[in-house]
Amino acid sequence: MVIGTLYALMALGLSLIFGVLKLVNFAHGESMMVGGYLYYFLATSFIVHLLGLPLVVALAATVPVLFFFGFILEQTFLRPAYNRQTARYDEYVILVTFTLGIFLQNLALPLFGPYNRQAPAIFKGRIRIGDLIIAGDRLTGAVVAFAVIVVLFIFLYRTYWGKGLRAVSQNPEAAASLGINVPRMRSMAFGIGISLTGIAGALLGQIFLVNPVMGVPFAVKAFVIVVLGGMGSIKGTIVGAFILAVVESFGSILLPDPTRALAYKDAYGLLLLIVTLMFRPQGLFGEKVRRA
Amino acid sequence: MTENIVGKTEGGSDMENKVFAALIGVLALFCFTQTGGAADAIKIGVVAPLSPPGGVETGQAIVDGAKIAAEEINQAGGLLGKKVELVIGDTAGLPEKGTAVMERLITRDKVIAVGGEGHSSVAMAEIEVAHRNGIPIVISEAWSDGITAKGYPEVFRVTVSNSLIYSKAAKWIKEQGFKHVAVIGENSDWGLGVIKVFKDNLDQAGVKVTSFSAERTLTDFTPQLLQLKNASPPVDFLVDGFTGAGELLMIKQAYELGIAPSKNCALLGAGMDTLYPGFWDTVGEAGVYVLSNPAGLPGLPKTATSDKFKEVFKAKYDREPDAVAMEGYDSVMVIAEAVKLSKSTESKVLVDALENKVNWEGTRGTINFSKDKNPAWAYHMWMDVPVFIIQYTELNQDPSKAAILWPAQFATVKSLLKPSK
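Thresholds applied
Residues numbered from 1 in each chain as written. Chains lettered and ligands numbered in written order. Predicted model: local features only at pLDDT ≥ 70, side-chain atom pairs only at ≥ 80, totals over all residues. Helix = DSSP H or I, 4+ residues; strand = E, 2+ residues; numbered from the N terminus. Rg over C-alpha atoms; globule rule 2.2 N^0.38 Å. Buried ≥ 20, exposed ≤ 12 C-beta atoms within 10 Å, placed from the backbone. Contact = placed C-beta atoms within 7 Å. Core = buried A, V, L, I, M, F, W, Y, C linked by C-beta atoms within 7 Å. Domains from an automatic or database assignment. Nonpolar A, V, L, I, M, F, W, Y, C, P; charged D, E, K, R; others polar. Pairing = 2+ DSSP bridges. Axes fitted to C-alpha atoms, helices over the stretch in contact; angles between N-to-C directions. Parallel < 35°, antiparallel > 145°, perpendicular 65-115°, else oblique. Left-handed = near helix turned anticlockwise from the far one by under 90°. Expected span 1.5 Å × (residues − 1).

Attention shifts here to the overall build of chain A. Within chain A one finds 13 helices and two strands. Against the compact-globule benchmark of 19 Å for 292 residues, chain A has a radius of gyration of 19 Å, which places it among compact chains. By its C-alpha atoms, chain A is 55 × 55 × 40 Å across when sized along the principal axes. Across the 292 residues that make up chain A, the buried fraction comes to 48%. Intrachain contacts of chain A at a sequence separation of at least 6 include 75% that bridge at least 24 residues.

Moving on to the overall build of chain B. Helix and strand counts for chain B stand at 13 helices and 14 strands. Projecting the C-alpha coordinates of chain B onto the three principal axes gives extents of approximately 100 × 50 × 40 Å. Going through the 421 residues of chain B one by one, you find that 53% of them count as buried. In chain B, the proportion of contacts linking residues at least 24 apart, taken out of those at least 6 apart, comes to 67%.

Of all hydrophobic cores here, the largest spans 214 residues; its most connected members are Leu6 of chain A together with Phe198 of chain B. The leading source of residues in this core is helix 1 (residues 2-21) of chain A, at 15 residues. For this core, the two domains that each supply at least three residues are domain 1 (39-160 + 300-378) and domain 2 (164-294 + 388-410) of chain B.

All names here are of chain B. Here chain B is partitioned into domain 1 (39-160 + 300-378) and domain 2 (164-294 + 388-410). One C-alpha centre belongs to domain 1, the other to domain 2; they are set 28 Å apart. On the side of domain 2, 21 residues touch domain 1, which itself brings 23 residues to the contact. Listed by contribution, the elements that provide at least two residues to the side of domain 1 that touches domain 2 are helix 2 (56-75), helix 4 (120-133) and helix 12 (323-342).

Okay, the interface of chain B and chain A next. One widely used convention gives an interface's size as the accessible area the parts lose upon coming together. Contacts between the two partners involve 27 residues from chain B, matched on the other side by 25 residues from chain A. If you list the elements that add at least two residues to the side of chain B that touches chain A, you get helix 2, strand 7 (208-214), helix 8 (222-229), helix 9 (245-256) and helix 10 (278-283) of chain B. Split by residue class, the side of chain B that touches chain A holds twelve nonpolar, eleven polar and four charged.

Residues and elements named next belong to chain B. If you walk across this open sheet you meet the five strands as 2-1-3-4-5, and the pairing is parallel. Two strands in the sheet have a free side with no partner beyond their single neighbour: strand 2 (83-90) and strand 5 (155-157). Ignoring which end each strand starts from, the neighbouring axes of this sheet average 25 degrees apart. Examined bridge by bridge, strand 4 (residues 137-139) and strand 5 share three bridges and lie parallel to one another. Looking across to strand 5, one finds that isoleucine 137 is bridged to valine 155. Across the face of the sheet, helix 4 comes into contact with strand 1 (41-48), strand 3 (113-116), strand 4 and strand 5 while running at roughly 165 degrees to strand 4.

Now for the packing of helix 1 of chain A against helix 9 (residues 182-207) of chain A. Residue and element names in this part refer to chain A. Running from amino to carboxyl end, helix 1 crosses helix 9 at an angle of 165 degrees, the nearest separation of the two axes being 8 Å. Considering the angle they form, helix 1 stands roughly antiparallel to helix 9. For the element pair helix 1 and helix 9, the recorded crossing hand is left-handed. Taken together, the residues that form the contact of helix 1 with helix 9 break down as 19 nonpolar, three polar and one charged.

Turning next to the pairing of strand 2 (residues 132-135) of chain A. All names here are of chain A. In the sheet, strand 1 (residues 126-129) pairs with strand 2 via four bridges, with the strands oriented antiparallel. Paired with arginine 128 across the bridge in strand 2 is isoleucine 133. Connecting strand 1 to the next strand, strand 2, in antiparallel fashion are two residues, including glycine 130 with a positive phi near 60 degrees.

Moving on: the packing of helix 11 (residues 234-254) of chain A against helix 8 of chain B. Each pair of packed helices can be described by the angle between their axes along with the distance between the axes. Closest axis-to-axis distance for the helix 11 of chain A/helix 8 of chain B pair is 9 Å, and the angle between their directions is 45 degrees. Here helix 11 of chain A lies oblique to helix 8 of chain B, going by the angle between them. For the pair helix 11 of chain A and helix 8 of chain B, the crossing hand works out as right-handed. Residues Ser249, Ser252 and Ile253 of chain A of helix 11 of chain A pack against Pro223, Gln224 and Gln227 of chain B of helix 8 of chain B.

With that settled, consider the sheet that holds strand 14 (residues 403-406) of chain B. Residue and element names in this part refer to chain B. Read from one edge of the open sheet, seven strands run 7-6-8-9-10-13-14, paired in mixed fashion. Looking at the sheet topology across the chains shown, the edges are occupied by strand 7 and strand 14. Bridge count for strand 6 (residues 180-186) against strand 8 (residues 237-241) is five bridges, and the pairing is parallel. Counterpart to valine 183 in the pairing with strand 8 is valine 239.

Locating valine 332 of chain B in the fold gives a position in helix 12. C-alpha separation for the pair valine 332 of chain B and alanine 76 of chain B, spaced 256 residues apart in sequence, amounts to 15 Å.

What follows covers the environment of leucine 300 of chain B. Residues and elements named next belong to chain B. In this structure, leucine 300 sits in the loop between strand 10 (291-292) and helix 11 (304-317). According to the C-beta neighbour criterion, leucine 300 is partly exposed, with 18 such atoms within 10 Å. Counting along the chain gives 87 residues from leucine 300 to valine 387, while the straight-line C-alpha distance between them is 9.9 Å. Ignoring sequence-local partners within four residues, the contact set of leucine 300 consists of Pro386 and Phe410.

For the rest of this paragraph, the subject is helix 12 of chain B. Residues and elements named next belong to chain B. Given a rise of 1.5 Å per residue, 20 residues ought to cover 28 Å, and the 28 Å separating the end C-alpha atoms of helix 12 matches this to within 8%. Counted residue by residue, helix 12 has 18 buried out of 20 residues, so it is predominantly covered. Lysine 343 sits one or two residues past helix 12 and shows a positive phi near 50 degrees.

Once that is clear, we can look at helix 10 (residues 215-229) of chain A. Residue and element names in this part refer to chain A. For helix 10, built from 15 residues, the straight-helix expectation of 21 Å at 1.5 Å per residue is met to within 8% by its first-to-last C-alpha distance of 21 Å. Taken across its 15 residues, helix 10 has eleven buried, putting it largely inside the fold. Check the buried side of helix 10 and you find it contacts helix 1, helix 2 (28-44), helix 9, helix 11 and helix 13 (265-279). Where helix 10 terminates, the next one or two residues include glycine 230, which has phi positive at roughly 110 degrees.

Turning our eyes to something else, we now look at the environment of leucine 277 of chain A. Checked against the element boundaries, leucine 277 of chain A lands in helix 13. C-alpha separation for the pair leucine 277 of chain A and valine 227 of chain A, spaced 50 residues apart in sequence, amounts to 8.0 Å.

In this structure, the amide linkage connecting asparagine 374 of chain B to the following residue, proline 375 of chain B, adopts the cis form with an omega of 0 degrees. Relative to the helices and strands, proline 375 of chain B is located in the loop between strand 12 (365-367) and strand 13 (389-391). Cis geometry is adopted by the peptide bond preceding proline 407 of chain B, which originates at tryptophan 406 of chain B and carries an omega value of 0 degrees. If you trace the backbone, proline 407 of chain B turns up in the segment after strand 14. Although it is not a glycine, lysine 22 of chain A sits at a positive phi angle of roughly 55 degrees.

Rendered as structure tokens:
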């Protein structure tokens, strides 16, 4: 459950960006890494210590920064392609996000060094419920992730901007004809997507460690989840995240040869991906769309 | 008409000649600078993981030690009247990168020998290149038996092998009366070797061994750790056979789940990431009572070199030297010693000098290489590497200040220290 909620949060960013911008963000893992470092530096910075601010403030402070970061990225690198300045939109954005990912990773190496860092946990200690022990950092991660997802849902289904985002996701032309500023919605969607991914990175940085390649294994999982749930489907992403978390945990316990089971942990996700692609390529909640 | 054609052709070949001459010129210049560079300095290669997914702190420690060695050699007038230059190659802990870096060091940089490396899987790839080119390689900190067991004459090792250290550690575990040992190891040559040696040595001795292997990039060990919680007889000794982030995360997670280090279960961090400053920053209080097995501690045993190295290292990096930094230093110094003794930089002569002549007092004792091939891994090993089992007793403790449990002659405490919880 705990890991599932975190998986959901990190995959939602990818899903939202795909839904609205119709592009796969290959810099997903790196966005997570940016979030991880941002939280690490904010949480360990002297301002936080000097004022005795709780670490939640540092976490909250990452959101506007990440949103702005995503917003600017969309405006600078993705907008030209959307404005039909390039002939092949799909190929262009793949190259752009892919390059961005490599750039960010290689920028982080000299900037922050290759060392592992431990982002300070908001809540230390552990909770015991019967036989079940949950570490504090994981519990915080799950609670914060859950709260963020709830806020996201309220935003998407109850506010004007959220409805606008969903409209653009369903049909950009119709949305534009109804007076919705589609380019602005796209920037916003990218900003929100990066923020969600970044918060996931900040939370994962407390549980696991922060380093320049921290996002890579999680990005693979996020792709599996999004494909499983159906590209661009918010509901599907959440369901997909829980399925993956359950399959991973039980797969590595239930396999008859326990000495090898752990070695295949990452393979279960990929197996799930292959099975999905074979039998239900549109994903659980995806639409069968044929693109020209 | 004909004239024109001839004229044109001549003009053309004139042009071609000029281009050709220019090319030759550039080429000559290139060759000249190359030989000019080689004539000025003796180049020694250092291979180390300096970016993820490699164990970067291991890599940095090797390089830190090697740099001190080069500086010391140059301050004393260099080798054969020439300066020594280190060429450092980042392998990122990936075998394919190791191969590429070795090829580059040997063919482009023309190094006379190579030292370093902290990952066995990468070392296994590197020794192939060294062997093919006949260039000596002195491994600093890769423990898989296979590295020296291959029997390549060019391969030497100034650190322990899995069999050498873990057969001793297993004996200690038996003596201490542990009943059930769990080993979680990465699926690398080193990690699988750790599992194998523990199994081989403890199974016969009647100690139960449970083992798991997993991908080196794994970050979440919770499912397996929880599984161990319900084991029967209860697990009382957990071996963390990972390097880099995995090693630190397993310690953190085992502690958070209340498994180890606890009053019922000890934890041995087999990888060297327990020795670096980053250890305490990442695991925090989970690191207290963790056991580690360094192949060397500063000043134990005391040698003239160890004191000097300790002093220089502290002045330069502002911390106590760790085993890996000492190994980095020793590997470069051993190569230099071979050059001094043979008065040559030729590969074959160097290999012969390393095998037969070197008997040099390093930071951890007098280094010479065994010619014994039984067992196979003993070939070109330094058999007297000092190994220790240490235990941290307080937060932010330097490994050199930790309690020594084994070997008996250096022990500072009688038996394992147990936390109250």
